[in-house]
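A look at the structure
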Amino acid sequence: MWLGAIKLALNAGTHIYKKKKETQMLMADAQAQHASKMARGELEFSGKLLEARQNDYKDEVVLAILTLPIIILAWGVWSDDPAAMEKIKIFFEHFQALPSWFTNLWILVCASIFGIKGTQIFRGGKK
């Protein structure tokens, strides 16, 4: 009696496992076939990520804002204007004096815009 029940349970488990693996293989085949049709141009890409990023300029704006101090610094160095360099020096001294919560928040926002997980900043670099 026990032997029959164990055999039945083992057969059922094996069957379920086999069907699960077959389903995974069929899904992988379907994904590959769909991707190849998109690559050949037979299907239009319907991914939400591509649609969301087509008219999205926030990455470029943030990159421009982050690049601006470097451009100003370079202009100050190459212009040989002592007054401009003094103002740039004062700017960076004040920028360095910003509170850490603000700079961490700014880094986190920029990282999230570019798709980087920046939450380690608030946890001291620990994952």
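To keep things clear, this report deals only with the structure shown in the data block. (Residues numbered from 1 in each chain as written. Predicted model: local features only at pLDDT ≥ 70, side-chain atom pairs only at ≥ 80, totals over all residues. Heavy atoms only, no water.)

A few words now on the environment of Ser112. Structurally, Ser112 can be placed in helix H5 (residues 100-113). Looking at Ser112, the relative accessible area reads 48%, which means it is partly exposed. Distance from Ser112 to Asp59, taken between C-alpha atoms, is 10.0 Å for residues 53 residues apart in sequence. (Helix = DSSP H or I, 4+ residues; strand = E, 2+ residues; numbered from the N terminus. Buried < 20%, exposed > 50% of the residue type's maximum accessible area, 1.4 Å probe, protein only.)

Two residues of an α-helix separated by three or four positions point the same way, owing to the 3.6 residues in each turn. Here helix H3 (residues 58-79) contains 22 residues, and its C-alpha end-to-end distance of 31 Å stays within 8% of the 32 Å for a straight helix at 1.5 Å per residue. A maximum bend of about 30° is found in H3 at Thr67, where proline Pro69 lies one to four positions downstream. Taken from the residues just after H3, Asp80 is the one with a positive phi, measuring 55°. (Expected span 1.5 Å × (residues − 1). Bend = angle between axes of the 7 residues up to and from the residue.)

Okay, the layout of surface pockets next. Of the volumes computed, that of the largest pocket is approximately 160 Å³. For the largest pocket, the full set of lining residues is Ile65, Leu66, Pro69, Phe92, Phe95, Leu98, Phe102, Thr103 and Trp106. Elements supplying a minimum of two residues to the lining of the largest pocket: H3, helix H4 (82-96) and H5. Residues that form the lining of the largest pocket fall into these classes: 8 nonpolar, 1 polar and no charged. (1 Å grid on protein atoms, 1.4 Å probe; cavity = no way out; pocket = protein on both sides within 12 Å on 5 of 7 lines; lining within 4 Å. Points joined across faces, edges and corners; volume = space filled by probe spheres on them. Nonpolar A, V, L, I, M, F, W, Y, C, P; charged D, E, K, R; others polar.)

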